[in-house]
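Chain by chain, the residues run as shown.
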Amino acid sequence: MDILGIETSCDETAASVVRRLPDGSGQIMSDVVLSQLDLHSAFGGVVPELAARSHVSTLDRLVNQALEESGVALADIDAVAVTSGPGLIGGLMVGLMTAKAIAMASGKPFIGINHLEGHALTARLTDNVAFPYLLLLVSGGHTQIVLVKGVNNYERWGTTIDDALGEAFDKTAKLLGLGYPGGPAVEQAALEGEPKRFRLPVPMRKDPRLDFSFSGLKTAVRQMAEEQAPLSQQTIADLCLAFQTSVTSSIDDRISMALERFSERFGAESKPALVVAGGVAANKAIRATLETRASKAGFQFIAPPLNLCTDNAVMIAWAGAERLAAGLPTDELDLAPRSRWPLDQTAKAVIGHGKRGAKA
Ligand code: KG4
Ligand code: ZN
């Protein structure tokens, strides 16, 4: 089964062809990603209108490139899968219109994919993980602990009550005068940090709800930075390390509780797995903490390669393949984009002290 995937929900324009073999394994036939980083970096964040315009001007070419590189003719594609939410509405519309036009012109089935399902199922393509498994999704827009029970079958165990983790890294970097995206800049600066100089609180420690919160931490960094102004390079590095240490401890605390809960529920599971996905999964301190915690709890730790952790179309094509293989229905061509679309439709919204309230 060969699926064409398209992703335009944020600031990456991406197209890919993925093959699913009868034994359930997958093969990436092509993987084309155009990052808009240069377009947005001057603004310190993604500008939705610029993102949508850029998707419009580049997507056709990228889809052609993905088909050419895959060696699979459009006539031999089995379905067209596209991110239909959650994400920036302008970008979603560009991807949907393109995918619908291709599906209509070629007479192929059309599937709208939840972007989070793409992230959630990637580890099955890369590592053939069996259901159920525990997923930590940490990106610029999402911070969630999800029980992945099967295709289209998710339980959200925790989410952020304010900022997403990537967003917290980006805001911290901005207030310390580091570049965008902030995650890599904070991680880099933290390497030179003095471990004991600043101590920040560990958000949500021991809270039984398994949720996250990062906005208070960001405020604490701001206050410390104001007290220390003007900031030397060393102080910036020390603050970055304190922030990263606090974030890492919070993740460790939340995840260790989630692993315990997983073990209580699936005691007989022979090979339980913890999977991490999303751009923040690039952070080495966070990865190392998760790996240690997973191994202590007897879990296999799986982190897909970085290019498949950040936004891409491989995961969208693969999710389409998994959905078709599971016998789930395809979509009609009047499918609407959804800027908010929780993976677990039954999960209650959690509202914290963040201005924008609960994330999907
Ligand atoms: O998944 P992603 O590429 O895009 C979406 O948000 O969907 O994630 C981007 C986020 C940004 O907030 C970026 O600062 C963060 O991932 N990030 C990192 C690192 N690399 C990227 N955060 C911490 N440490 C890193 N090394
Ligand atoms: Zn993403």
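One can find the structure itself at the top, above this paragraph.
Residues numbered from 1 in each chain as written. Chains lettered and ligands numbered in written order. Predicted model: local features only at pLDDT ≥ 70, side-chain atom pairs only at ≥ 80, totals over all residues. Heavy atoms only, no water.

Comments concerning the overall build of the protein chain
- When helices and strands are tallied, the protein chain shows 11 helices and 10 strands.
- Judged by the C-alpha coordinates and their principal axes, the protein chain covers about 65 × 50 × 35 Å.
- Put simply, the protein chain has 360 residues, and 56% of those count as buried.
- Within the protein chain, counting contacts between residues at least 6 apart in sequence, those at least 24 apart form 74% of the total.
- If you sum the accessible surface of the protein chain, you get close to 15100 Å²; carbon and sulfur atoms cover 52% of it. (Helix = DSSP H or I, 4+ residues; strand = E, 2+ residues; numbered from the N terminus. Buried < 20%, exposed > 50% of the residue type's maximum accessible area, 1.4 Å probe, protein only. Contact = heavy atoms within 4.5 Å. Areas by Shrake-Rupley, 256 points an atom, 1.4 Å probe, with all protein chains shown as cover.)

Some remarks on the site of ligand 1
- The environment of ligand 1 is made up of 18 residues, and the closest members are Gly 140, Asp 170, Glu 187, Gly 279 and Asp 311.
- In the environment of ligand 1, an oxygen atom lies 2.7 Å from a nitrogen or oxygen atom belonging to the side chain of Asp 170.
- A distance of 2.7 Å is found between a nitrogen atom of ligand 1 and a side-chain nitrogen or oxygen belonging to Glu 187.
- About the coverage of ligand 1: the protein hides 87% of its 550 Å² of free accessible area.
- Elements represented by at least two residues in the shell around ligand 1 include exactly α5 (165-175) and α6 (182-190).
- Among the elements that line the shell around ligand 1, the one with the most residues is α6, at 4 residues. (Near = heavy atom within 4 Å. Polar contact = N/O pair within 3.5 Å; in protein donor to acceptor, adjacent residues only side chain to side chain.)

Some points on the coordination of the zinc ion (ligand 2)
- Surrounding the zinc ion (ligand 2) are the protein donor atoms His 115 (NE2), His 119 (NE2) and Asp 311 (OD), which sit 2.1 to 2.2 Å from the metal.
- Around the zinc ion (ligand 2), the 4 donor atoms sit at angles spanning 85 to 149 degrees, and that spread fits a shape best called irregular.
- Each donor residue of the zinc ion (ligand 2) lies on one chain, and together they are spaced H-x3-H-x191-D. With His 115 and His 119 both in helix α4 (residues 115-127), this residue pair falls 4 residues apart, about one helical turn. Each member of the pair His 115 and His 119 is classed as buried. (Donors = N, O, S within 2.8 Å, 3.2 Å for Na, K, Ca; no water. Tetrahedral: all angles 85-135°; square planar, octahedral: opposite > 155°, others 65-115°.)

Things to note about the nonpolar core
- Leu 136, Leu 165, Phe 243, Val 247, Ile 251, Leu 274 and Leu 290 are the most contacted members of the largest nonpolar core, which has 47 residues in total.
- Among the elements of the structure, β6 (133-138), β7 (143-150), α5, α6, α7 (215-228), α8 (233-265), β9 (273-277) and α9 (284-296) are those that each provide at least two residues to this core.
- Here this core gets 13 residues from one element, more than from any other, and that element is α8.
- Dropping the residues within four chain positions of it, Ile 251 is found in contact with Leu 136, Leu 165, Phe 212, Ile 286 and Leu 290. (Core = buried A, V, L, I, M, F, W, Y, C linked by side-chain atoms within 4.5 Å.)

Regarding the environment of Ala 317
- Looking at the element boundaries, Ala 317 is found in helix α11 (residues 314-325).
- Distance in space between the C-alpha atoms of Ala 317 and Asp 238 is 42 Å, their sequence separation being 79 residues.
- With residues up to four places along the chain from it excluded, the contact list for Ala 317 reads Ile 3, Leu 4, Gly 5, Ser 16, Val 18 and Ala 81.

Quick word on the pattern of salt bridges
- In total, this model carries 14 salt bridges according to the counting rule given.
- Glu 117 is the partner of Arg 323 in a salt bridge, and the nearest nitrogen-oxygen pair spans 2.7 Å. Of this pair, Arg 323 sits in helix α11 while Glu 117 sits in helix α4, and the two are 206 residues apart along the sequence.
- Using a relative accessible area of 14% as the deciding quantity, one classes Arg 323 as buried.
- Judged by relative accessible area, which is 2%, Glu 117 ranks as buried. (Salt bridge = Lys/Arg side-chain N within 4 Å of Asp/Glu carboxyl O.)

Here we look at unusual backbone geometry
- Of note, the bond from Gly 85 into Pro 86 is cis; its omega dihedral lies within 30 degrees of zero at -20 degrees.
- In this structure, Pro 86 sits in the loop between β4 (79-85) and α3 (89-106).
- A positive phi angle, near 65 degrees, is found at Asn 152, a position not held by glycine.
- Position of Asn 152 among the secondary structure elements: in the loop between β7 and β8 (153-159).
- The class for Asn 152 is partly exposed, based on a relative accessible area of 44%.
- The phi angle at Met 204 is positive, at roughly 65 degrees, despite the residue not being glycine.

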